[in-house]
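# Close look at the chain arrangement
Here's the letter readout for the chains.
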Amino acid sequence: MSVVRDAMVSHPGQLPADASAQAAGELLQRPEVRAVFVTDAERLVGVVTRKTLVREVVARGLDPRTTALGGIAERPHYTVGPEVPLEDAFRFLEEEDAERVPVVDEHHRLVGVLSRSVLQRRLAEDDDEGDDEDPLPPAA
């Protein structure tokens, strides 16, 4: 049975809690980065998005060069463990209508991120592989 560890992105965009909002903004300029995970000694403390930067830094008139991410990061609504079966993780993402979820170990260290679209592809691949195991007999 495949588990989350098999389908997660193991090196998501992350910065330490003492990094600046400007550093997060620079990471978020990359089209493939939708969120920056904020860590303290590898433990996940929060998530910063473009929306977070606008609301917590720009709208409040703070200097992005000196505003630490630890003070503005939003706590994740939920996380998932690396050993959760893929089917359970997919059901969870569907129920919560979430596109991605941080993957943390038993010590709440960030080990990756699980994306619903990647998970869907992985489950489809697993189904396709299963189809090959029981081929139909040749037509007579």
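Presented here is an overview of the structure given in this document. All figures in this text were calculated on a predicted structure; none of them were measured in a lab.

On to the side chain of Thr39. Checked against the element boundaries, Thr39 lands in strand S2 (residues 36–40). Assessed through its relative accessible area of 9%, Thr39 is described here as buried. The contact partners of Thr39, leaving out residues within four places of it in the chain, are Gln14, Leu15, Pro16, Ala17, Leu44, Val45 and Leu110.

This next bit is on the pattern of salt bridges. For the structure shown, the criterion picks out 11 salt bridges. Here Arg91 ties to Asp88 by a salt bridge, and the two come within 2.6 Å at their closest N and O atoms. In this pair, Arg91 and Asp88 are both assigned in helix H3 (residues 86–96), three residues apart and thus about one turn of the helix distant. By relative accessible area, which is 35% here, Asp88 ends up partly exposed. Ionic pairing is found between Asp105 and Arg109, a salt bridge with its closest N-O pair at 2.8 Å. Note on Arg109: relative accessible area 30%, which makes it partly exposed. Look at the salt bridges and you will find they share partners, linking Arg55, Glu56, Arg60 and Glu74 into a network.

Now for the sheet that holds S2. The strand order across the open sheet built from three strands is S1-S2-S3, with neighbouring strands paired in mixed fashion. Because the sheet does not close on itself, it has two edges, and the strands there are strand S1 (14–16) and strand S3 (43–48). Averaged over all neighbouring strand pairs, the angle between strand axes comes to 35°, with direction disregarded. Bridging between S2 and S3 involves five bridges; their strand directions are antiparallel. Opposite Phe37, over in S3, you have Val47 as the bridge partner. Sitting on the sheet, helix H1 (residues 21–28) touches S1, S2 and S3, and the angle it makes with S1 is about 170°.

With that settled, consider the nonpolar core. Membership of the largest hydrophobic core comes to 16 residues, with the highest contact counts inside it found for Leu15, Ala24, Val36, Val48, Leu53, Leu69 and Ile72. Going through the elements one at a time, H1, S2 and helix H2 (50–58) are the ones with two or more residues in this core. If one sorts the elements of this core by residue count, H1 sits on top with four residues. Those residues in contact with Leu15 that lie beyond four places of it in its chain are Ala23, Ala24, Leu27, Val36, Phe37, Val38, Thr39 and Leu69.

How each quantity is defined
Residues numbered from 1 in each chain as written. Predicted model: local features only at pLDDT ≥ 70, side-chain atom pairs only at ≥ 80, totals over all residues. Heavy atoms only, no water. Helix = DSSP H or I, 4+ residues; strand = E, 2+ residues; numbered from the N terminus. Buried < 20%, exposed > 50% of the residue type's maximum accessible area, 1.4 Å probe, protein only. Contact = heavy atoms within 4.5 Å. Salt bridge = Lys/Arg side-chain N within 4 Å of Asp/Glu carboxyl O. Pairing = 2+ DSSP bridges. Axes fitted to C-alpha atoms, helices over the stretch in contact; angles between N-to-C directions. Core = buried A, V, L, I, M, F, W, Y, C linked by side-chain atoms within 4.5 Å.

Structural measurements only, silent on function.
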